[in-house]
Amino acid sequence: MKKSSRIVISSVLIASMCIGLTGCKSAKLCKEAGEGFIAAVLDKDLSDITDYCTDDDEAAVLFAPYMNDNDPVDLLLERAEVKAGKASVKKDSGSVVFTITLPDYDAVLDEDPEDIDEFEDLLDEMTDTIDMEVTLEFKNKRDEWLVDNYDEFIEDFLEELYDIDFGFQSEYEGWIDHDNWWGASDGVYTGDRSYIDLDVTIIDEHYGDDMTFTWKCFKDGTLIYTSGTVNDYGFLEQYCYCE
């Protein structure tokens, strides 16, 4: 009787150890996937970002608006540090808390930087930091842990940064007098189109200045067109053919 009890107890202990080891491995894999996902976001690499998401097509659409250049936000992303915290895994789902540490941009903006160059200098001098805590939820699909709540991550992290009032703009934004999307209604195209057409008129002060620009077009979050480097004077016109 005693011998049988030992055998049963030993079997239970071995099973518990196996479950524990499996859980530890899954938690580690979730942390690694989360770190890769956040690194891709910080690099603004849309292709890599979607590779870490449960629905890559939906993720591409949601992340696309945040992939364009935004100088002050980009400076913050370049200086971000990421640390994985508590992980919880149950069967085919899990979650990990991550802390993203940024320079204290509120303190920097209290200094009223006049432009992006001064903002960057103040960031480099800033020793205080701000911690942003985000929780990533994972699903195991075909033995791969993928981020499932990327929409919440956008809301909790990217939207917070893009909503900051930096109080200054790129000097080139100040060059634009107005723009016009030909054939669009309130900036929106409807129906099937073979091309879209953007005209940008420069303010009188810079009209005639030699300038260089690149034009990019996204469809459903996917980059479908990139112009060559274009030199122009005062009036910028670019077509994107959507065949």
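Residues numbered from 1 in each chain as written. Predicted model: local features only at pLDDT ≥ 70, side-chain atom pairs only at ≥ 80, totals over all residues. Heavy atoms only, no water.

A. Molecular detail of the overall build of the chain. From N to C terminus, the chain includes seven helices and 11 strands. Each of the 243 residues in the chain was classed as buried or not, and the buried ones make up 34%. For the chain, the share of sequence-separated contacts (at least 6 apart) that also reach a separation of at least 24 residues comes to 62%. Put simply, the chain shows about 15400 Å² of open surface, and 46% of that area lies on carbon and sulfur atoms. (Helix = DSSP H or I, 4+ residues; strand = E, 2+ residues; numbered from the N terminus. Buried < 20%, exposed > 50% of the residue type's maximum accessible area, 1.4 Å probe, protein only. Contact = heavy atoms within 4.5 Å. Areas by Shrake-Rupley, 256 points an atom, 1.4 Å probe, with all protein chains shown as cover.)

B. Representation of the sheet that holds strand S2 (residues 93-103). Read across the open sheet, the four strands follow the order S1-S2-S3-S4; overall the sheet is antiparallel. Every other strand in the sheet has two partners, leaving strand S1 (81-90) and strand S4 (145-147) as the edge strands with one partner each. Averaged over neighbouring strand pairs, the angle between their axes works out to 30 degrees when direction is ignored. Both strand S3 (residues 129-140) and S4 contribute to a ladder of three bridges, which runs antiparallel. Bridge assignment links Lys-139 to a residue of S4, and that residue is Leu-146. (Pairing = 2+ DSSP bridges. Axes fitted to C-alpha atoms, helices over the stretch in contact; angles between N-to-C directions.)

C. How the structure looks around helix H3 (residues 56-63). Buried within H3 we find Ala-59, Ala-60 and Phe-63. Taken around the axis of H3, the buried residues stretch over an arc of 105 degrees, which confines them to a single face. Its side-chain oxygen placed 3.2 Å from the backbone nitrogen of Asp-57, Asp-55 serves as the N-cap of H3. (Arc of directions from axis to C-beta. Polar contact = N/O pair within 3.5 Å; in protein donor to acceptor, adjacent residues only side chain to side chain.)

D. Representation of helix H7 (residues 150-162) within the structure. Asp-156 marks the point of greatest bend in H7, at about 30 degrees. Restricting attention to buried positions, one finds in H7 the residues Tyr-150, Phe-153, Ile-154, Phe-157, Leu-158 and Leu-161. (Bend = angle between axes of the 7 residues up to and from the residue.)

E. Structural view of the side chain of Thr-101. Note on placement: Thr-101 falls in strand S2. By relative accessible area, Thr-101 is classed as buried at 19%. A polar contact is formed between the side chain of Thr-101 and the side chain of Asp-131, at a distance of 2.8 Å. For Thr-101, the residues in contact, after removing those within four places along its chain, are Arg-79, Ala-80, Glu-81, Thr-129, Ile-130 and Asp-131.

F. Fine view of the packing of aromatic side chains. Using the criterion set out here, one finds seven aromatic pairs in the structure. Pairing Phe-37 with Phe-153 gives two aromatic rings, centres 5.1 Å apart and planes at 70 degrees, and the pair type is edge-to-face. You can see Phe-37 sitting in helix H1 (residues 2-43) and its partner Phe-153 sitting in helix H7, a full 116 residues away along the chain. Phe-153 shares its class with Phe-37; the two are buried. Ring geometry for Phe-119 and Phe-166: centres 5.5 Å apart, planes at 80 degrees, overall edge-to-face. In this pair, Phe-119 sits in helix H6 (residues 116-125) while Phe-166 sits in the loop between H7 and strand S5 (176-182), placing the two residues 47 residues apart along the sequence. (Phe/Tyr/Trp six-rings, centres within 6.5 Å; stacked < 30°, edge-to-face > 60°.)

G. Region of the structure containing the nonpolar core. Counting residues in each nonpolar core, the largest one holds 45 residues, and the members touching the most others are Phe-37, Phe-63, Phe-119, Phe-153, Phe-157 and Leu-161. When residues of this core are assigned to their parent elements, the largest contribution, seven residues, is made by H1. Those residues in contact with Leu-161, other than ones at most four positions away along the chain, are Val-73, Leu-76, Leu-77, Leu-102, Tyr-105, Met-132 and Phe-166. Counting residues in hydrophobic clusters, the runner-up holds eight residues, among them Tyr-189, Leu-198, Val-200 and Trp-215. (Core = buried A, V, L, I, M, F, W, Y, C linked by side-chain atoms within 4.5 Å.)

H. Main features of unusual backbone geometry. In this structure, Lys-44 takes a positive phi of about 55 degrees despite not being glycine. Residue placement: Lys-44 occurs in the loop between H1 and helix H2 (46-51). For Lys-44, a relative accessible area of 17% gives the class buried. One non-glycine residue with positive phi stands out, namely Asp-143, at about 65 degrees. Within the fold, Asp-143 resides in the loop between S3 and S4. With relative accessibility at 75%, the residue Asp-143 sits in the exposed group.

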